[in-house]
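# Summary of the model geometry
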Amino acid sequence: MACNIKALSLNHQILSGTTVERKMGTASAANVSVVPETVTKTLPASTTLTIKAPQPERLLIKTVDRKEINHGKFGRFGGKYVPETLMSCLGKLEAEFNLVLHDSEFQEELTTALRDYVGRETPLYFAQRLTDHYKNSRGEGPEIYLKREDLSHGGAHKINNAIAQAMIAKRMGRKTIVAATGAGQHGVATAAACAKLSLECTIFMGATDMEKQASNVLLMKLLGAKVESVEGAFKEASSQAIREWVGNLETSYYLTGTVVGPHPCPSMVREFQSVIGKETRRQAMEKWGGKPDVLVACIGSGSNALGLFHEFINDEDVRLIGVEAAGFGLDSGRHSATLARGDVGVYHGAMSYLLQDAEGQILGPHSIGVGLEYPGVGPEVSFLKETGRAEFHSATDQEAIDAYRRLCKLEGIFPALEASHALAFLEKLCPTLANGTKVVVNISGRGDKDSDIVFQYKPHSMT
Amino acid sequence: MAIALKSTADFLHLKKHNLASLSRLSSGKAFVSTKRFTPMATVTTATTLGLADTFSKLKTQGKVALIPYITAGDPDLSTTTEALKVLDLCGADIIELGVPYSDPLADGPVIQAAATRSLARGTNFNAILSMLKEVVPELSCPIALFTYYNPILKRGVEKFLSTVKDVGIHGLVVPDVPLEETEILRREALKNKIELVLLTTPTTPIDRMKAIVEASEGFVYLVSSIGVTGARASVSDRVQTLIGEIKEATTKPVAVGFGISKPEHVKQVAGWGADGVIVGSAMVKLLGEAESPEDGLKALEIFTKSLKSALA
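Predicted, not measured: the structure shown is a model, and the values here were computed from it.

In terms of regular secondary structure, chain A is built from 17 helices and 16 strands. Relative to its full complement of 463 residues, chain A shows a buried share of 63%. Of the contacts formed within chain A by residues at least 6 apart in sequence, a portion of 75% connects residues at least 24 apart.

With that settled, consider the domain arrangement of chain A. Frequently, the measure chosen for interface size is the accessible area that the parts lose on association. Residues and elements named next belong to chain A. Under the domain assignment used here, chain A contains domain 1 (73-116 + 158-265) and domain 2 (119-154 + 274-455). For domain 1 and domain 2, the distance between their C-alpha centroids amounts to 23 Å. Facing 35 residues of domain 1, the contacting portion of domain 2 comprises 40 residues. Both faces considered, domain 1 and domain 2 share a buried interface measuring about 3,000 Å² in area, 61% of it formed by carbon and sulfur atoms. It is Phe77, Lys235 and Val259 that lose the most area in domain 1 upon contact with domain 2, and together they represent 22% of the buried surface on that side. The interface formed by domain 1 and domain 2 contains one salt bridge. Glu386 is the salt-bridge partner of Arg76, the closest N and O atoms lying 2.7 Å from each other. Summed over the shared surface of domain 1 and domain 2, the number is 13 residue pairs in polar contact (both at pLDDT 80 or more). Broken down by secondary-structure element, the contributors of at least two residues to the side of domain 1 that touches domain 2 are strand E4 (77-78), helix H3 (104-118), helix H5 (158-171), helix H6 (185-197), helix H7 (207-212), helix H8 (214-222) and helix H9 (234-247).

Between chain B and chain A, the residue contacts involve 36 residues of the former and 33 residues of the latter. The partner of Lys73 of chain A in a salt bridge is Glu181 of chain B, and the shortest N-O contact between them spans 3.2 Å. Applying the counting criterion to the chain B and chain A interface returns 21 residue pairs in polar contact (both at pLDDT 80 or more). Breaking the side of chain B that touches chain A down by element, the ones donating at least two residues are helix H4 (109-120), helix H6 (149-155), strand E5 (195-200) and helix H9 (206-215) of chain B.

Turning our attention to the pairing of strand E12 (residues 319-327) of chain A. All names here are of chain A. Burial analysis of E12 places eight of its nine residues in the buried class, which makes it a mostly covered element. Two strands pair when backbone bridges link them, and strand E11 (residues 294-299) and E12 are joined in this way by six bridges, in the parallel orientation. Considered in E12, the bridge of Leu295 is made with Leu320. In this fold, E11 hands off to helix H12 (residues 303-309), which returns the chain to E12; that crossover is right-handed. When E12 meets strand E15 (residues 390-396), the two strands line up parallel, connected through seven bridges. Pairing of Gly327 across the sheet is with Thr396, part of E15.

Core analysis: the largest hydrophobic core is formed by 103 residues, its most contacted members being Leu97, Leu132, Leu145, Leu172 and Leu185 of chain B. The greatest single-element share of this core, amounting to six residues, is contributed by helix H5 (residues 125-135) of chain B. Those residues in contact with Leu172 of chain B that sit more than four places away from it in its chain are Ala144, Leu145, Thr147, Ile152, Phe160, Leu161, Leu185, Ile194, Glu195, Leu196 and Val197 of chain B. Residues Val260 and Ile362 of chain A together with Ala114 and Ala144 of chain B belong to the second largest nonpolar core, which totals 48 residues.

Residue and element names in this part refer to chain B. At their nearest, the axes of helix H11 (residues 263-271) and helix H13 (residues 293-310) sit 8 Å apart, and the two run at 30° to each other. In terms of axis orientation, H11 runs roughly parallel to H13. Our pair here, H11 against H13, has a crossing hand that is right-handed. Together, Pro263, Val266 and Lys267 of H11 and Ser306, Leu307 and Ala310 of H13 make up the contact between the two elements. In terms of residue class, the contact of H11 with H13 is built from four nonpolar, one polar and one charged.

All right, on to empty space enclosed by the protein then. All names here are of chain A. The final tally for this structure, using the stated rule, is 14 cavities of 30 Å³ or more. Put simply, the largest cavity is a space of about 330 Å³. As for the largest cavity, its lining consists of 27 residues, and the residues nearest its centre are His157, Lys158, Gly371, Leu372 and Glu418. Put simply, the parts of the chain that give the lining of the largest cavity at least two residues each are strand E7 (176-181), H6 and H12. Counted by class, the lining of the largest cavity contains eight nonpolar, 16 polar and three charged residues. Formed jointly, the lining of the largest cavity draws a minimum of three residues from each of two domains, domain 1 (73-116 + 158-265) and domain 2 (119-154 + 274-455).

So, how was this worked out
Residues numbered from 1 in each chain as written. Chains lettered and ligands numbered in written order. Predicted model: local features only at pLDDT ≥ 70, side-chain atom pairs only at ≥ 80, totals over all residues. Heavy atoms only, no water. Helix = DSSP H or I, 4+ residues; strand = E, 2+ residues; numbered from the N terminus. Buried < 20%, exposed > 50% of the residue type's maximum accessible area, 1.4 Å probe, protein only. Contact = heavy atoms within 4.5 Å. Domains from an automatic or database assignment. Buried area = accessible area lost by both parts, 1.4 Å probe. Salt bridge = Lys/Arg side-chain N within 4 Å of Asp/Glu carboxyl O. Polar contact = N/O pair within 3.5 Å; in protein donor to acceptor, adjacent residues only side chain to side chain. Pairing = 2+ DSSP bridges. Right-handed = clockwise from strand over helix to strand, strands pointing away. Core = buried A, V, L, I, M, F, W, Y, C linked by side-chain atoms within 4.5 Å. Axes fitted to C-alpha atoms, helices over the stretch in contact; angles between N-to-C directions. Parallel < 35°, antiparallel > 145°, perpendicular 65-115°, else oblique. Left-handed = near helix turned anticlockwise from the far one by under 90°. Nonpolar A, V, L, I, M, F, W, Y, C, P; charged D, E, K, R; others polar. 1 Å grid on protein atoms, 1.4 Å probe; cavity = no way out; pocket = protein on both sides within 12 Å on 5 of 7 lines; lining within 4 Å. Points joined across faces, edges and corners; volume = space filled by probe spheres on them.

Here it is as structure tokens:
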């Protein structure tokens with residue numbers, strides 16, 4: 001295999017004679033040939049790289065750690081801190097999850113849904129003008145690529161998980177789906193999946209969120225879901241959805257939207273979102289013959305971040321950066337920066353970082369990106385922080401708004417305010433990066449839902 | 001003046017006097033009228049029996065325990081103080097006291113609302129501890145605290161348990177810690193001689209139930225139905241089977257809770273072989289939704305007496 005070292009990303013070399021491992025862009029156990037046996041690509045700087053297709057069966061289960069499967073623990077984080085009533089139900093869910101990971105029929109059905117219904121694979125887009133924006137006076141700077149989850153059906157990455165779990169619910173014979181949503185994206189995704197699979201759907205949403213993201217509420221209703229208003233915001237809606245689930249265990253299925261909750265929920269959501277990272281690996285290889293150097297994603301609870309990161313966790317040379325919501329500022333008391341300002345406790349079924357007061361009461365967070373307003377964070381994300389595998393930073397409401405506007409003007413793309421937090425961090429990150437560093441930013445969703453908020457935003461005011 | 005009443009038959013008439021004076025309180029403050037109270041009670045600083053011992057004693061008397069639950073600080077801590085005394089005087093054998101929490105996953109709307117009201121008033125754990133320090137010596141029945149896990153963790157399990165022991169708490173119920181995660185709690189509870197009560201439910205498979213009852217101290221809490229706390233129209237007869245299954249697995253006492261709200265329920269569950277009956281939301285509703293604390297306390301008194309007579 002001949003390669004010109006310049007065409008490869010800075011930190012990588014491909015040794016001659018090695019077969020490059022690739023994972024398929026969808027749930028890996030699928031036996032679907034989406035690409036031919038070998039691919040010859042001409043890369044920039046006139047290089048040719050020959051890549052062999054991977055082994056057809058590559059089970060997802062191999063990427064999951066033993067301790068996680070057996071106990072739902074990521075180091076000390078995770079677990080199942082729920083009322084006893086839920087324990088047996090969680091056990092059944094876990095068993096079903098393990099089954100589908102190995103079930104090629106399920107995997108094929110999921111692959112088809114992801115391709116034809118969700119619209120995968122999502123592009124890895126080279127943002128030329130954004131890249132130029134970050135070049136220094138000598139014309140040097142990193143290369144910015146955007147992973148376009150905003151182009152998925154429903155407008156966000158949430159559907160990857162919602163469709164897979166709805167399929168599991170159907171398999172388990174459940175008739176009703178119960179879910180909670182913050183910005184409404186998970187609600188819309190779940191309602192859509194339920195319509196497609198003919199399942200009843202009830203979505204719990206905080207009253208204040210329903211006002212802020214009204215267009216999503218309308219969509220959910222049109223998709224056939226019942227939308228229940230809960231006094232408060234996302235955290236109250238989540239608690240209420242869990243209570244509803246506890247009361248209707250036999251007939252209903254609680255569809256978690258993110259990587260929080262009791263085991264197996266964080267693992268399930270992570271696995272179904274990991275398609276993002278798997279595609280990114282292959283796309284990076286196709287585009288520049290290497291891996292990304294830096295991955296950047298916003299962190300609400302961590303689903304889109306883990307979706308992008310998980311694939312690369314064992315690639316020590318890939319930097320993982322999560323950006324939390326600093327709201328009005330980290331010291332303002334009005335933010336959602338769980339990792340920056342929280343400490344460890346038990347919330348919604350898992351041990352993880354959370355925002356709590358001195359009594360252990362859970363605090364209400366704030367962010368202009370409604371989907372980031374959660375006072376907890378996924379246990380796996382807490383683990384990445386504790387082990388130092390990932391770095392965590394934050395961006396304020398103002399910085400996110402600026403980033404939204406910047407991407408609109410420079411690339412003609414309107415990112416969700418949540419994803420705008422990741423984009424905001426580029427301002428601080430890019431000047432520190434070597435020339436040609438490959439940066440992939442997860443655009444976790446589209447921002448039409450936020451256009452009103454952005455337009456009317458006044459600094460230091462409530463929107 | 002704090003006096004510990006021993007609950008023997010001699011003092012029943014005294015109890016009536018006390019209640020009459022309580023119902024005249026206008027401020028809801030902790031107050032025992034010494035005018036109408038002839039000090040026939042022995043002043044004692046003896047602590048009450050623990051949970052398991054209470055059940056043993058009741059068993060010899062052929063009685064079923066009445067275990068009311070109320071949320072601390074709803075409508076306010078002074079009313080809670082009075083309520084604890086009322087419950088004790090009206091025949092509660094054990095009292096469960098709930099620590100209000102921001103996200104009570106196991107609780108239905110009534111107890112959720114109580115927690116929200118209590119927290120809005122500024123109830124915090126130290127205030128509850130102070131209250132308990134004052135009132136526990138005046139009670140003849142033991143108290144078990146009902147709290148979610150996070151507030152315990154925030155304080156530190158060891159610190160939490162030794163602190164509650166210091167104010168005279170005998171037992172602890174934590175609804176969101178599964179058996180697998182109770183190791184630390186159990187160890188510290190044993191060290192501090194606090195009885196950690198574990199819960200089993202209609203969805204718990206028999207083998208798991210056996211492990212739970214083996215590990216439970218004080219008594220076994222049988223959750224009567226699938227769902228969160230809250231009054232229900234009737235108690236499922238599945239409970240009868242469940243009580244039977246538990247009794248085959250252990251000689252520890254079994255108390256049934258969730259959904260029990262009427263004297264008929266109490267009688268029914270006792271008839272099925274339960275050693276104790278726990279009544280929560282119905283109590284909380286009376287106290288929290290009353291026009292005034294005094295009205296709430298009065299209603300509580302009447303209600304508790306009606307439950308107690310159903311167990312006679």
